[in-house]
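So you can see what is in the structure, the chains are spelled out below.
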Amino acid sequence: MAPHPLTAAPLPVLVFDGDCAFCTTSAGVITRRLRRSPDDYAVQPWQHLDLDALGLTPEECDEAVRWVGENGIRDAGHVAIARALVHDRDVKPASTFER
C-alpha cells in the first residue's frame, strides 16, 4: 500500500493511531456521535498528518491520543479526549473547577 501523503491538520485536531483498531473505532464514535459538527475540530490518524507541524512525534502518537488546540497547546490521553468533548461548549473540564 502506498504511503498516504502528509497533510497539515486544521486546528484544533484530535490525533489518533490509525493502525490501532480500538483507536480507529473510538475516533469513529467521536466523529459520528460526539462531535457536533465537522467544523468543531478535526479527527485524524497521525499517519496522515505532518507531525512536525503539530509539534508531535510518532512515538508520542503511538503512546496516546493527542489534542492540539488552536493555541498550540498539546494534551494527551484522557485530557485530550476531555478537550475534544468540551471544545466550543459551555462546559469546563473538572480540573478547572475551584474547590
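Above this text sits the structure in question.
Residues numbered from 1 in each chain as written. Predicted model: local features only at pLDDT ≥ 70, side-chain atom pairs only at ≥ 80, totals over all residues. Heavy atoms only, no water.

### So, the nonpolar core
So the rule is basically this: Side-chain atoms within 4.5 Å link the members of a nonpolar core, which is a set of buried Ala, Val, Leu, Ile, Met, Phe, Trp, Tyr and Cys residues. A simple rule labels every residue: compare its accessible area, found with a 1.4 Å probe on the protein chains alone, to the largest value its type can have, and call it buried under 20%, exposed over 50%, or partly exposed in between. Going along the chain from the N terminus, every DSSP run of H or I of four or more residues is numbered as a helix, and every run of E of two or more is numbered as a strand. Pairs of residues are marked as contacts when any of their non-hydrogen atoms sit within 4.5 Å.
Ranked by size, the top nonpolar core spans 10 residues in total: V13, V15, A42, W46, L49, L51, L54, L56, C61 and V68. Those elements that place two or more of their residues in this core are β1 (13-16) and α2 (51-54). Excluding residues that lie within four positions of it along the chain, A42 makes contacts with P10, P12, V13, L14 and R35. In this structure, L14, I30, V43 and A84 belong to the second largest nonpolar core, which totals 9 residues.

### Considerations on helix α4 (residues 77-86)
Buried within α4 are the following residues: G77, A80, A84 and V86. Buried residues along α4 sit in contact with β1, β3 (66-68) and β4 (74-76).

### Some points on the sheet that holds β1
This is how it is decided: By the convention used here, strands pair only if DSSP detects at least 2 bridges between them. Fitted lines through C-alpha atoms serve as axes, helices being fitted only where they are in contact, and the angles separating the N-to-C directions of these axes extend from 0 to 180 degrees.
Here 4 strands make up an open sheet; going across it, the order is β2-β1-β3-β4 and the pairing mixed. Edge positions in the sheet fall to β2 (42-45) and β4, since each has one partner strand and no second. Here the strands of the sheet are splayed against their neighbours by 20° on average, with no regard to which way each runs. Note that β1 and β3 share 3 bridges and pair antiparallel. Residue pairing for β3: L14 is matched across the bridge by W67. Across the sheet, helix α1 (residues 21-34) lies against β1 and β2, angled at about 155° from β1, the strand it touches most.

### What to know about the pattern of salt bridges
Worth spelling out the cut-off: Should a side-chain nitrogen of Lys or Arg be within 4 Å of a carboxyl oxygen of Asp or Glu, the pair is scored as a salt bridge.
In total, this model carries 3 salt bridges according to the counting rule given. Across the salt bridge formed by R36 and D40, the nearest N and O atoms sit 3.6 Å from each other. Under the relative-accessibility criterion, D40 is labelled buried at 12%. Across the pair R66 and E63 runs a salt bridge whose closest N-O atoms are separated by 3.5 Å. Classification of R66 by relative accessible area gives buried; the value is 10%.

### Section: a nonpolar patch on the surface
Worth spelling out the cut-off: The patch calculation keeps residues exceeding 30% relative accessible area without a salt bridge and links them within 9 Å when they carry like charges or within 5 Å when they are nonpolar (Val, Leu, Ile, Met, Phe, Trp, Tyr). Using a 1.4 Å probe, accessible areas were evaluated by the Shrake-Rupley method; residue-level cover was limited to the displayed protein chains.
Together, V29, L34 and L85 give the surface a local cluster of nonpolar side chains, amounting to about 210 Å² of exposed area. Secondary-structure assignment places L34 in helix α1. Look at L34 and you get partly exposed, because its relative accessible area is 39%.

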